Amino acid sequence: MTAPRFGPGDRVRVKRWDPPGHVRTPFYVRGHVGEVVTVVGPMPDPEQMAYGRTDAPPVVVYRVRFRRRELWPEDADPHEDTVVVDLGETWLEPAGTGEEARAA
Amino acid sequence: MGGLPAGPVERHEHEPLPWEKKVDAILRLLVGKGVMTLDELRRGIEELGPGAYDELSYFERWISSIANVLLEKGVVTPRELGEAMERVRARRAAAEALR
Amino acid sequence: MRGHDHRPKQPDLEDLPYTWHMALTDALADLLMAKGIFGADELRATLETIDQATPAQGTRLVARAWVDPAFRARLLEDVNAAAAELGIDAGAIPIRAVADTPEVHNVVVCTLCSCYPRFLLGPPPDWYKQRAYRSRVVREPRAVLAEFGLVLPDEIRIEVHDSTAELRYMVLPMRPEGTAHMDEEALAALVTRDCLIGTALPRAPQRA
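Basis of the calculations
- Residues numbered from 1 in each chain as written.
- Chains lettered and ligands numbered in written order.
- Predicted model: local features only at pLDDT ≥ 70, side-chain atom pairs only at ≥ 80, totals over all residues.
- Heavy atoms only, no water.
- Contact = heavy atoms within 4.5 Å.
- Buried area = accessible area lost by both parts, 1.4 Å probe.
- Salt bridge = Lys/Arg side-chain N within 4 Å of Asp/Glu carboxyl O.
- Polar contact = N/O pair within 3.5 Å; in protein donor to acceptor, adjacent residues only side chain to side chain.
- Helix = DSSP H or I, 4+ residues; strand = E, 2+ residues; numbered from the N terminus.
- Axes fitted to C-alpha atoms, helices over the stretch in contact; angles between N-to-C directions.
- Parallel < 35°, antiparallel > 145°, perpendicular 65-115°, else oblique.
- Nonpolar A, V, L, I, M, F, W, Y, C, P; charged D, E, K, R; others polar.
- Expected span 1.5 Å × (residues − 1).
- Buried < 20%, exposed > 50% of the residue type's maximum accessible area, 1.4 Å probe, protein only.
- Domains from an automatic or database assignment.

Draft legend 1. Up close: the interface of chain B and chain C. Tallying the contact residues gives 57 residues for chain B and 61 residues for chain C. Of the roughly 5700 Å² buried at the junction of chain B and chain C (both faces included), carbon and sulfur atoms supply 63%. Viewed at the interface, chain C and chain B are joined by 8 salt bridges. For C:Glu166, the salt bridge goes to B:Arg42, with nearest N and O atoms at 2.8 Å. Connecting chain B to chain C are 20 residue pairs in polar contact (both at pLDDT 80 or more). Where the side of chain B that touches chain C is concerned, the elements lending two or more residues are α1 (18-32), α2 (38-46), α3 (51-55), α4 (58-72) and α5 (78-98) of chain B. The dominant element in the side of chain B that touches chain C, judged by the number of residues it contributes, is α1(B), at 11 residues.

Shown next as structure tokens:
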């Protein structure tokens, strides 16, 4: 049930959801492609914990790295800086190969 | 708010005040005892609305959220809080009169 | 907070107006104790624990990691367990250390709220909790670090860690050049709180 769907090096796209309620996926990565750095493992689901449902099933959390220039292509700064965000598996889908993702 | 435009980082700092530490302690005890979760604290802060960020200080947002979550869960009632706030204000006034 | 005043003060008396939120805090504490949810002794002990967490606990970990490669490896594996080896209680929330290298400089933020390894390092600085730092450091890290007086070479990649889950982050900076002669205590003194967040670098002392 909580076997990780992704592994280190996998490219993942963050879902472009915008539900009401408490979620822990920052807006600035939604719809963007990143690379899994590490699989943190199953953790309590904040989207359920926020409503006191402490017995809800856990969610696999990943550390996902994004290129700042991919998140904000309109910015002039040419540096290859990166952001690593901790994201739950429910918010992630496969993003294909690196070449496809970069070309997109 | 990640990535949104904002002004320069203001570097001023303050040592936590005793009442702010007390808010922190109350939260740690409630989370440690399973009465509420950190995610409930965060949801409660979000539900204070966008104005709360500018109108309230950091620990004012915390204690407001804690109180609302405890009210929601029925751990405390508005009447109990009203009475208790009256008592602590009277205690404070009496202590100040002795200074 | 302690001690410069001549006249003894009760710990909960401040020279500040007693606000609605302060009254709510005291009232909630009283009510929760009256209901037996926690005891006065537990509240007191928790307040003491809060006072014990300071950046000095983090700087000790960094200095030990600089002098002991095996400890460094364990620190990068599990900060809470490594801290326990030094008798430091880092709390129940897992803390990860992110190590600077000659190629990568790490910076920590929480864009969603203000998550910070407070059980280890004490409360975060005010600027860490403010909108400006949280909004900008992910998008323009170099401009933000420059405001802190930290300008990094172009070839160093800045990696910003956004604490969006129940993990907390501290930076393990690199040991500065010219510190080979220094002992662990002296090394720890080179590390500031901001070095543990990534908005500063440890500096070797100037030679006399």
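Draft legend 2. Structural detail: the packing of α5(B) against helix α1 (residues 20-34) of chain C. At a minimum axis separation of 8 Å, α5(B) and α1(C) run at an interaxial angle of 110 degrees. Considering the angle they form, α5(B) stands roughly perpendicular to α1(C). In this structure, α5(B) contributes B:Glu80, B:Leu81, B:Ala84, B:Met85, B:Arg87, B:Val88, B:Arg89 and B:Arg91 to the contact, and α1(C) contributes C:Trp20, C:Ala23, C:Leu24, C:Asp26, C:Ala27, C:Leu28, C:Asp30 and C:Leu31. The class makeup of the residues in the contact of α5(B) with α1(C) is 10 nonpolar, no polar and 6 charged.

Draft legend 3. Broad picture of α1(B). Given a rise of 1.5 Å per residue, 15 residues ought to cover 21 Å, and the 21 Å separating the end C-alpha atoms of α1(B) matches this to within 8%. Buried residues dominate α1(B), accounting for 12 of its 15 residues. Every buried residue belonging to α1(B) is among B:Trp19, B:Glu20, B:Lys21, B:Lys22, B:Val23, B:Asp24, B:Ala25, B:Ile26, B:Leu27, B:Arg28, B:Leu29 and B:Leu30, and all of these are buried. Buried residues along α1(B) sit against α2 and α4 of chain B together with α1, α2 (40-52) and α6 (118-121) of chain C. Of the residues one or two after α1(B), B:Gly34 is the one with positive phi, at around 75 degrees.

Draft legend 4. Inspection of the domain arrangement of chain C at higher detail. We note that the domain assignment places domain 1 (20-51) and domain 2 (53-197) within chain C. Distance between the C-alpha centres of domain 1 of chain C and domain 2 of chain C: 31 Å.

Draft legend 5. Spatial organisation of the side chain of B:Ser65. Residue and element names in this part refer to chain B. Among the structural elements, Ser 65 can be located in helix α4. Given a relative accessible area of 0%, Ser 65 falls into the buried group. In this view, Ser 65 contacts Glu 40, Leu 41, Gly 44 and Ile 45; residues no more than four positions away in its chain are not counted.

Draft legend 6. Main features of the interface of chain B and chain A. At the junction of the two partners, chain B supplies 9 residues and chain A supplies 11 residues. Together chain B and chain A conceal approximately 790 Å² of surface at their shared face, both sides included; 56% is due to carbon and sulfur atoms. In this structure, the connection of chain B to chain A is made through 0 salt bridges. At the boundary of chain B and chain A, one finds 4 residue pairs in polar contact (both at pLDDT 80 or more). When its residues are assigned to classes, the side of chain B that touches chain A shows no nonpolar, 3 polar and 6 charged.

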